[in-house]
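Residue strings, one per chain:
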Amino acid sequence: MENQHIGDVVLDEKAIATGVSSVAAQLNNDFTDAVVITVVPGGILYTADLTRQLNFDISMDYISCPHTPGDRNNNSSIVYHHNIEIAGRHIIIIDDAIESGGTMKRLVEFIAQNYQPASISIAVLFVKPGRVEIPVKQYYAYEMDNDDLLIGYGMPWDNKYRNRPNVAKLIK
């Protein structure tokens, strides 16, 4: 793996594991049953780690909305296959992070407007400052100090680096 774009590590493997456990504990306190909808591909790693620590029944589905990291005006198509019925169910949308929040806000609005869930929540490893307001409950372990572009643990740059076991600053 090329290292020219990999900067300082922001969250190492231990911090990620601690964060996953923290968010799982919060969710375990609040839910007895839910539908987990993973934002793919970015949320795959976090979903795998998080759902193995949940002690309530879950159903799983996925959604996608391609975007450029940090893009506040993502207008790309939302693809949701609706493999299971979610009307009247508690929904937890899982992704790696909320950066600008624009894409996540669109996903929340899409699910709310089209599928009549009982509730929608978001679970991510971390959020960034300056993100847009998303009017649903948000579960996260870390709030970043700045809006640096980050890579690893699901977050790409130039369609690479998603498989890094940590989160690092991007060097352009």
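Residues numbered from 1 in each chain as written. Predicted model: local features only at pLDDT ≥ 70, side-chain atom pairs only at ≥ 80, totals over all residues. Heavy atoms only, no water.

> Outline the overall build of the protein chain, supporting the account with residue identities and numerical values.
Each helix and strand in the protein chain was counted, giving three helices and 12 strands. Relative to the 2.2 N^0.38 estimate, which gives 16 Å for 172 residues, the radius of gyration of the protein chain is 15 Å and therefore close to what a compact globule would have. When the backbone C-alpha atoms are referred to their principal axes, the protein chain occupies close to 45 × 35 × 25 Å. Scored against the burial criterion, the 172 residues of the protein chain give a buried share of 47%. Here the contacts in the protein chain between residues at least 6 apart in sequence split such that 66% fall between residues at least 24 apart. Of the roughly 8400 Å² of accessible surface on the protein chain, 46% is carried by carbon and sulfur atoms. Separation of charge centres in the protein chain, based on 14 positive and 21 negative side chains, amounts to 3 Å. (Helix = DSSP H or I, 4+ residues; strand = E, 2+ residues; numbered from the N terminus. Rg over C-alpha atoms; globule rule 2.2 N^0.38 Å. Buried < 20%, exposed > 50% of the residue type's maximum accessible area, 1.4 Å probe, protein only. Contact = heavy atoms within 4.5 Å. Areas by Shrake-Rupley, 256 points an atom, 1.4 Å probe, with all protein chains shown as cover. Lys, Arg positive; Asp, Glu negative; His and termini not counted. Charge placed at Lys NZ, Arg CZ, Asp CG, Glu CD.)

> So what's going on with the pairing of strand 2 (residues 33-39)? Residues and values would help.
Within a regular strand, the side chains alternate between the two sheet faces. For strand 2, the tally of buried residues reaches six of seven residues, placing the bulk of the element in the interior. Sheet topology note: the strand 2/strand 3 (residues 57-64) ladder contains seven bridges and is parallel. Its bridge partner being in strand 3, Val 36 is matched across the sheet by Met 60. Regarding the hand of the β-α-β motif, the stretch spanning strand 2, helix 2 (residues 44-51) and strand 3 is right-handed. Direction of pairing for strand 2 relative to strand 5 (residues 90-94): parallel, over a ladder of four bridges. The residue of strand 5 that forms the bridge with Val 36 is Ile 92. (Pairing = 2+ DSSP bridges. Right-handed = clockwise from strand over helix to strand, strands pointing away.)

> Explain helix 2 to me, and be specific about the residues and the numbers.
Buried within helix 2 we find Tyr 46, Thr 47, Leu 50 and Thr 51. Looking straight down helix 2, one finds that the buried residues subtend no more than 110° of arc, so they occupy a single side. Considering only its buried residues, helix 2 is in contact with helix 1 (13-30), strand 2, strand 3, strand 5 and strand 7 (119-123). (Arc of directions from axis to C-beta.)

> A description of the sheet that holds strand 5 should follow, citing residues and the corresponding values.
By definition, the strands of a sheet pair up through backbone hydrogen bonds, in either a parallel or an antiparallel sense. Strands sit in the order 4-3-2-5-7-9 across an open sheet of six strands; the sheet is mixed. Two strands bound the open sheet, and with one partner strand each, they are strand 4 (79-80) and strand 9 (137-139). Looking at chain direction, strand 7 and strand 9 are connected through three bridges and run parallel. Bridge pairing links Ser 121 to Lys 137 in strand 9. Taken strand by strand, helix 2 contacts strand 2, strand 3, strand 5 and strand 7, and its axis lies near 155° from that of strand 2. Contacts from helix 3 (residues 102-115) reach strand 2, strand 3, strand 4, strand 5 and strand 7 within the one sheet, and its direction differs from that of strand 7 by about 160°. (Axes fitted to C-alpha atoms, helices over the stretch in contact; angles between N-to-C directions.)

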